Amino acid sequence: MPDQADSAGGTETAGVAPTPPPAVRVEGLWKRFGEQVAVAGIDLELPAGKFIGLVGPNGAGKTTTLSMVTGLLRPDMGRIEVAGHDVWRDPVEVKSRIGVLPEGLRLFERLSGRELLAYNGRLRGLPGAEVDKRATQLLDVLDLAGAQHKLVVDYSTGMRKKIGLASALLHNPEVLFLDEPFEGVDPVSAQTIRGVLERYTRSGATVVFSSHVMELVESLCDWVAVMAAGRIRARGTLTEVRGEAASLQDAFLELVGAGVRDTGDSLDWLGGAR
Amino acid sequence: MTVLDAPAGSAVPAVPRQGLVPVFVRLKLTLLRNGLRQSSGRRAAYVASLVLTLLFAAGQVIGLVALRGHGQAGTVAVLLTAVVALGWAVMPLYFPSGDETLDPSRLVMLPLRPRPLMGALLAASLIGIGPLFTLALALGSVIAVAHGAAAVAVGVIAVPLTLLVCVALARSVVTANIRLLTSRKGRDLAVLSGLVIAVGVQFVSFGAQHLGRAGGLSSLEPVADVVRWLPPASALGAVGSASEGSYGTALGQLVISALALGALMWLWQRSLVKLMTSPDGSTIAAADRSADRSGGDRSGLFSLLPEGRTGTVMERSLRYVVRDPKTKASWVTALAIGLIVPVLNAAQGSGSIYFACFAAGMLGMQMYNQFGQDTSAFWMVALSVSSARDAYVELRARALALLLITLPYTVLVTVVTAAVLGDWAALPGVMGLSFALLGAMLATGALASAMFPYSIPQDGAFKNVVPGQAGLAWISLLGGMVAAAVLSGPVIGLTVWLHMAGHQDQLWLLLPAGAAYGTFLAWLGVRLAAPLTADRLPEILAAVSKG
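Residues numbered from 1 in each chain as written. Chains lettered and ligands numbered in written order. Predicted model: local features only at pLDDT ≥ 70, side-chain atom pairs only at ≥ 80, totals over all residues. Heavy atoms only, no water.

The name given to chain B in an unreviewed UniProt entry is Transporter, and the organism recorded there is Streptomyces atroolivaceus.

Identification of chain A as ABC transporter ATP-binding protein from Streptomyces atroolivaceus is taken from an unreviewed UniProt entry. Comment text from UniProt for chain A, heading Subcellular location (unreviewed entry), reads "Cell membrane". (UniProt positions renumbered as here; feature names shortened; annotations may be inferred.)

So, on to a nonpolar patch on the surface. Residues and elements named next belong to chain B. A surface patch of nonpolar side chains, about 370 Å² in accessible area, is lined by Phe520, Trp523, Leu524 and Leu528. Assignment of secondary structure puts Leu528 in helix 21 (residues 510-535). Owing to a relative accessible area of 46%, Leu528 belongs among the partly exposed residues under this scheme. (Patch = residues over 30% accessible without salt bridge, like charges linked within 9 Å, V, L, I, M, F, W, Y side chains within 5 Å. Areas by Shrake-Rupley, 256 points an atom, 1.4 Å probe, with all protein chains shown as cover. Salt bridge = Lys/Arg side-chain N within 4 Å of Asp/Glu carboxyl O. Helix = DSSP H or I, 4+ residues; strand = E, 2+ residues; numbered from the N terminus. Buried < 20%, exposed > 50% of the residue type's maximum accessible area, 1.4 Å probe, protein only.)

On to the interface of chain A and chain B. At the interface, 43 residues of chain A touch 49 residues of chain B. Approximately 4100 Å² of surface area, both sides summed, lies buried where chain A meets chain B, with 59% of it carried by carbon and sulfur atoms. If you sort the residues of chain A by the area they bury against chain B, Arg106(A), Phe108(A) and Arg110(A) come out on top, with a joint share of 19%. Scanning the region where chain A abuts chain B turns up 4 salt bridges. In this structure, Arg110(A) engages Asp324(B) in a salt bridge whose closest nitrogen and oxygen atoms are separated by 3.8 Å. Between chain A and chain B we count 11 residue pairs in polar contact (both at pLDDT 80 or more) in total. When residues in the side of chain A that touches chain B are grouped by element, the largest group, 8 residues, is from helix 5 (residues 113-123) of chain A. Split by residue class, the side of chain A that touches chain B holds 21 nonpolar, 8 polar and 14 charged. (Contact = heavy atoms within 4.5 Å. Buried area = accessible area lost by both parts, 1.4 Å probe. Polar contact = N/O pair within 3.5 Å; in protein donor to acceptor, adjacent residues only side chain to side chain. Nonpolar A, V, L, I, M, F, W, Y, C, P; charged D, E, K, R; others polar.)

What follows is about the sheet that holds strand 6 (residues 98-101) of chain A. All names here are of chain A. Read across the sheet, 6 strands follow the order 6-7-8-3-9-10 without closing on themselves; strand pairing throughout is mixed. Both edges of this open sheet fall to strand 6 and strand 10 (231-237), since each of them pairs with a single strand only. Averaged over all adjacent pairs, the angle separating strand axes in this sheet is 15°, with direction ignored. Along the sheet face, helix 3 (residues 62-69) touches strand 3 (51-55), strand 7 (175-179), strand 8 (206-211) and strand 9 (223-228) and points at about 150° away from the line of strand 7. (Pairing = 2+ DSSP bridges. Axes fitted to C-alpha atoms, helices over the stretch in contact; angles between N-to-C directions.)

To continue, consider the packing of aromatic side chains. If you walk through the whole model with that rule in mind, you get 7 aromatic pairs over all chains. Summarising the aromatic geometry, the rings of Phe108(A) and Tyr119(A) are spaced 5.3 Å apart at their centres and angled 75° between planes, so their arrangement reads as edge-to-face. Of the two residues, Phe108(A) sits in the loop between strand 6 and helix 5 while Tyr119(A) sits in helix 5, which places them 11 residues apart along the sequence. Between the aromatic rings of Phe108(A) and Tyr320(B), the centroid separation amounts to 5.8 Å while the plane-to-plane angle is 85°, which identifies the pairing as edge-to-face. Of the two residues, Phe108(A) sits in the loop between strand 6 and helix 5 while Tyr320(B) sits in helix 12 (residues 308-323), which places them in two different chains. (Phe/Tyr/Trp six-rings, centres within 6.5 Å; stacked < 30°, edge-to-face > 60°.)

In this section: the sheet that holds strand 4 (residues 77-82) of chain A. Residue and element names in this part refer to chain A. Read across the open sheet, the 4 strands follow the order 2-1-4-5; overall the sheet is antiparallel. If you trace the sheet from one side to the other, it starts and ends with strand 2 (36-47) and strand 5 (85-86), each paired once. For strand 1 (residues 22-33) and strand 2, the ladder comprises 9 bridges, and the chain directions are antiparallel. Residue pairing across strands places Leu29 opposite Ile42, the latter belonging to strand 2. Relative to strand 1, helix 3 is tilted by about 120°, and along the sheet it contacts strand 1, strand 2 and strand 4.

The next thing to look at is the UniProt feature "domain: ABC transporter" (unreviewed entry) in chain A. The feature "domain: ABC transporter" (unreviewed entry), as annotated in UniProt, sits at residues 24-254 of chain A in this numbering. A distance of 27 Å separates the end C-alpha atoms of residues 24-254 of chain A, which is 38% helix and 27% strand.

For the rest of this paragraph, the subject is the environment of Leu54(B). All names here are of chain B. Locating Leu54 in the fold gives a position in helix 2 (residues 40-67). Residue classification places Leu54 among the partly exposed positions, given a relative accessible area of 43%. Counting along the chain gives 79 residues from Leu54 to Phe133, while the straight-line C-alpha distance between them is 7.2 Å.

Take helix 13 (residues 325-347) of chain B next. Look at helix 13 of chain B: 31 Å from first C-alpha to last across 23 residues, which is about the 33 Å you get at 1.5 Å a residue. Downstream of helix 13 of chain B by a residue or two, Gly349(B) has a phi angle that is positive, lying close to 80°. (Expected span 1.5 Å × (residues − 1).)

Counting 144 residues, the largest nonpolar core has Val82(A) and Phe209(A) as the members making the most contacts within it. Setting aside its immediate chain neighbours within four residues, Phe209(A) contacts Phe51(A), Ile52(A), Gly53(A), Leu54(A), Leu178(A), Pro181(A), Phe182(A), Leu216(A), Val217(A), Leu220(A) and Cys221(A). Core analysis: the second largest hydrophobic core is formed by 51 residues, Leu20(B), Val239(B), Leu264(B) and Met276(B) among them. (Core = buried A, V, L, I, M, F, W, Y, C linked by side-chain atoms within 4.5 Å.)

And the structure:
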């Protein structure tokens, strides 16, 4: 077991190994909020060392799933393992191995970007000097050096995502979970984030990110899981999931059962005489 | 449903033929109704505040009517009006988002001219509890002051004039400041300004006591003589002048109020035009903050804190006391009231040195709902806590950060109170008792933080609990305080016994005893709260993410 975990964090071996150990293994995962079933029995294995996209329409259960996998939300039922360790029974092993960028949760906004990184790194037990060195590099690469002394509360959406990403990467995790990392992010910041993530996966680490922008997933990921209504509808490499369809977008629309809606006569005044 | 049902091809006229006033009045009523529909709690709160205001207004009218014929009736009427007008000017700064119909930045995209818009906004502003209250006050004042037909005639003009000046005052203040109020800095200020009221109330109460002793209303007459000429109180001053037969003065006072109304409307129109025709600069201003702070991550006094989680958490906690408006407001309130109550009581000769324990109690309350103060950013803490040991260090660091402020402050308050009373003999005992109380508050606060976390809304100066969690907050605070009092029982008992048994010369024993006992309690509380926290991380995160 320890060997498997190590190889997931290794450099080139992960890509070539015949059966790479899963970065995440989920069995029979359920979550209900009152009457609403958010996640309805998911079984899923995410291969290590890949750039993995979790796609699905709004309300499909992506955020709920990622929250449970990262230990931020308690599942009603089911088992979750990250890098071979049970998330709920062995939090010490899991929490040191994962980096998380959640969606819809705040950061400590009254710290400056640099202070936030310093706080996070030291909280994770890294020595101060190392934290400062890594923070400087991350701020540079993510184009935040100019705003490092500004309070996060005054950051734009793109800057927040970038500082969140920096916090998640600071302790060099084996598996990185990103919930909608490109939502509301301008193209320049998106490109920067992309570059950092691609470099990170090349080292053999795993990135799991959720999105509903298919073009993005298609261009970034080599492994995809499609979610709808709390269930996994398809999984596999990009080509497997795309199948016969022209693009991932088409395959996705077919999978979640959303045809092109004809508006008929109901909007005939739109664009008519004014 | 709505737009799509409109007949095809027919363009909707930019301004409805019948004018904007009914549209805005209807909008206001709809918003009011929908707001009430949102939750039964909100409905109950609204009905309760309506009943309370009506009772208060009725009481005011009855009181003013009863004053009729009294020599000071004019003074009271004029001063009350001035206070209410001041309220109109200040309140919108505290509740900027209180009335959506009146937020002009929501109307920017509509093809509306300022002049008809102002009329409509003014009409919409006249609906609500506040205007009703003001109307009752103005009516009551006129009844109290008016003697003779001429005075009644002036009164008929004065009542609507007073109301309009008040409403226009509120509108022009809001419109002029809307950019500030909707920016981040402005919201921070609004949150902070809540404590001005919290602390001000203390002073007002002491001022009222002072006034009671100093000869009552007649001492206010010089103030009233000035206020009588200030709008909108001058309108009611005019009624008084007309009653006394000085019609010239009455006319002058009426004109002052009318001119004020005109000036306010003009100001309002100007800022409205500016607001609706120039781009929103609030975000630009916020982004303008220059980054001149220099270099290192750990600068100044913070570098004295220990490495590792303890120092890191303490540093963040202390930074939040200074930077987070909500945290800052609650700290400053606690610090101010913790000092004011014992010291002012002592200064008035009515206090005991044991009132100084109040400071320890107020400050210890800051330990409650620690994770709620983090808001949903608690996820960062949750991801870094993987054992009861981590949770223990986290809670201990937060308690230490708190002690860094509270310990010297408790000593200061106790010493100042002792100095004012000249009761130095009791000082060590009171200090010991304070330490025990502080320790008990830290212990119960840590446990309450783990067991009863709740969200703190980040906007608004007076909202400290989100709807639906009020019960939780009360259980946590009230239960915690009772438990803290019980926990400090042994030290309280020892104090009482030393007094009763005539061992006053040994009261100093309370200092080491209280300090040791308080330390033990705090350690025990944090120790017990740690495994609870570690086990309940997802539940705590869910509870504090509702803000």
